[in-house]
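# Results of the structural survey
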Amino acid sequence: MNDLTAPLSQQQTSLLVTMAQQYLMEGVWPVWHFTVATLDRYNLDAEDLIRSLPRVGSTGHVGPSYGLTSHIGHQIADDDRPALTIAASLHLPELQPYIGEPFLRTLHVLVALQRNAPVSTQQATKPRYELADIAGALPGLPKGFLARLPDILRLEPATWVGSSGTTEEGIWWHELDREIRRYRDAKDLKEYVHTTSRLISAMAGEPAPAFVPAPTPAPGPYVDETLIADLEAKDTSLRVDKLVALAHELNANHAAENPYACQMLLRAILDHVPPAFGQSTYQGVVASVRWGKTDQAYVRKLAEFRNPADDVLHRQISTQPSRIDMHDLPPRTYVNALLQGVLVHLPSAPQPQGS
């Protein structure tokens, strides 16, 4: 019950996916009534499922605890908005580029800020940070992440300690507690969740779950090779040689872990494909093409990854280090959904007369 990294059942995953999909599409967590009603259609009990999710620490309303959701499951009102935590993104790859990985990068910026903060010999003060400090250290964060960051930090034990407030100008700030240094070695999401579980378990007097590092899987191609072959073989009136070449080069640079080349190639693909849909811009593809609900969310989110590409292409040399890395790329499912749409919408080649 207290291993937050253990595999979930299909029913538990359905609960998390129902909440996460609405968050990715709308930018806010759905009201609990929506989740309950949606799962009712599949004969799943949302109340039972949220109570069944793993949690460390207290299972009541007293004492520290941490799980995959902000709510333990007791007496959730219809208009409450239970949120998913960073731990939940371990089980939902679609959340990782929008919440999990940006949070982990933010966490290490905060660790560095705490470590390097000036110390007074005459006054005991804690360093503070604002959203602008995060934005300056991490350009290219997903759109909307900074705006939602205060709510994300409030749910995570690594950052829930310390006072928060707003300045007279309405600027949000939060204090940095020295306890954040405990996360300095959490280099991936699983290590972060294990560190949190260990600390919460110690506070609750529970044995901490053993940490087993995840094996590193052999990376597959970023763009599905079969999809590329289908595009190349498509009998269409449009030329796809450049698109096929861009996809192959994106795969090669992804395998070589060249983040700048990947960002530029992905941007080139987004700018190249609109005519396949009868559109002139990528925004037209998102707004005017009929997509399935899931694919609509994927292609809409891809538009947000134009910002890191702009950073790669147009940010001039300066005294600041670059923070762009492979984690800034969108999930491969998003790109494959777009290219599958290209394959479907490419106009057929005209047939010879008399055939």
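Relevant structure appears above.
Everything quoted here is computed from the prediction, not taken from an experiment.

Cut-offs and rules
- Residues numbered from 1 in each chain as written.
- Predicted model: local features only at pLDDT ≥ 70, side-chain atom pairs only at ≥ 80, totals over all residues.
- Heavy atoms only, no water.
- Helix = DSSP H or I, 4+ residues; strand = E, 2+ residues; numbered from the N terminus.
- Rg over C-alpha atoms; globule rule 2.2 N^0.38 Å.
- Buried < 20%, exposed > 50% of the residue type's maximum accessible area, 1.4 Å probe, protein only.
- Contact = heavy atoms within 4.5 Å.
- Areas by Shrake-Rupley, 256 points an atom, 1.4 Å probe, with all protein chains shown as cover.
- Arc of directions from axis to C-beta.
- Patch = residues over 30% accessible without salt bridge, like charges linked within 9 Å, V, L, I, M, F, W, Y side chains within 5 Å.
- Salt bridge = Lys/Arg side-chain N within 4 Å of Asp/Glu carboxyl O.
- Lys, Arg positive; Asp, Glu negative; His and termini not counted.
- Charge placed at Lys NZ, Arg CZ, Asp CG, Glu CD.
- Pairing = 2+ DSSP bridges.

### Looking at the overall build of the protein
In terms of helices and strands, the protein carries 15 helices and 5 strands. Its C-alpha atoms give the protein a radius of gyration of 23 Å, near enough to 20 Å, the size a compact globule of 355 residues would have. In terms of its C-alpha atoms, the protein occupies a principal-axis envelope of roughly 85 × 55 × 45 Å. Here the protein, with 355 residues, has 46% of them falling under the buried criterion. A separation threshold of at least 6 residues defines the contact pool for the protein, and within that pool the share at least 24 residues apart is 64%. Only carbon and sulfur atoms are counted for the fraction: they give 51% of the accessible area of the protein, which is about 18,600 Å².

### Considering helix α14 (residues 306-314)
Along α14, the positions that sit buried rather than exposed are Pro308, Ala309, Asp311 and Val312. Along the long axis of α14, the arc covered by the buried residues comes to 155°, so they all point the same way. In this structure, the buried side of α14 is in contact with α11 (259-272).

### Quick word on a positive patch on the surface
A cluster of basic residues, Arg115, Arg178, Arg181, Arg184 and Lys187, forms a positive patch at the surface. Within the secondary structure, Arg115 is located in helix α5 (residues 96-116). We classify Arg115 as exposed; its relative accessible area is 54%.

### Here's the deal with the pairing of strand β5 (residues 172-175)
Burial along β5 is two-sided: Trp172 and His174 and Trp173 and Glu175, pointing in opposite directions, are all buried. Sheet topology places strand β3 (residues 128-130) next to β5; 3 bridges connect them, and they run antiparallel. Paired with Tyr129 across the bridge in β5 is His174. Both strand β4 (residues 164-166) and β5 contribute to a ladder of 3 bridges, which runs antiparallel. Paired with Ser164 across the two strands is His174, which belongs to β5. The turn joining β4 and β5, which pair antiparallel and follow one another in sequence, is formed by 5 residues; a positive phi near 85° is taken by Gly170.

### Section: a nonpolar patch on the surface
A cluster of nonpolar side chains, contributed by Tyr260, Met264 and Leu313, occupies part of the molecular surface with about 250 Å² of accessible area. Mapped onto the fold, Leu313 is located in helix α14. Judged by relative accessible area, Leu313 falls into the partly exposed class, the value being 39%.

### Here we look at unusual backbone geometry
Most peptide bonds take the trans configuration, and most residues that are not glycine carry a negative phi. One non-glycine residue, Asn43, lies in positive phi territory at about 60°. One can find Asn43 in the loop between α2 (32-40) and α3 (46-52). Phi angles above zero are rare outside glycine, and Glu257 is one such case at about 55°. Checked against the element boundaries, Glu257 lands in the loop between α10 (241-255) and α11. Among the residues examined, Glu257 registers a relative accessible area of 58% and is labelled exposed.

### Notes on the side chain of Thr106
Mapped onto the elements of the fold, Thr106 is located in helix α5. Contacts of Thr106, omitting those with residues within four sequence positions, involve Ile134, Leu138, Phe145 and Leu149.

Just geometry here; none of it tells us what the structure is for.
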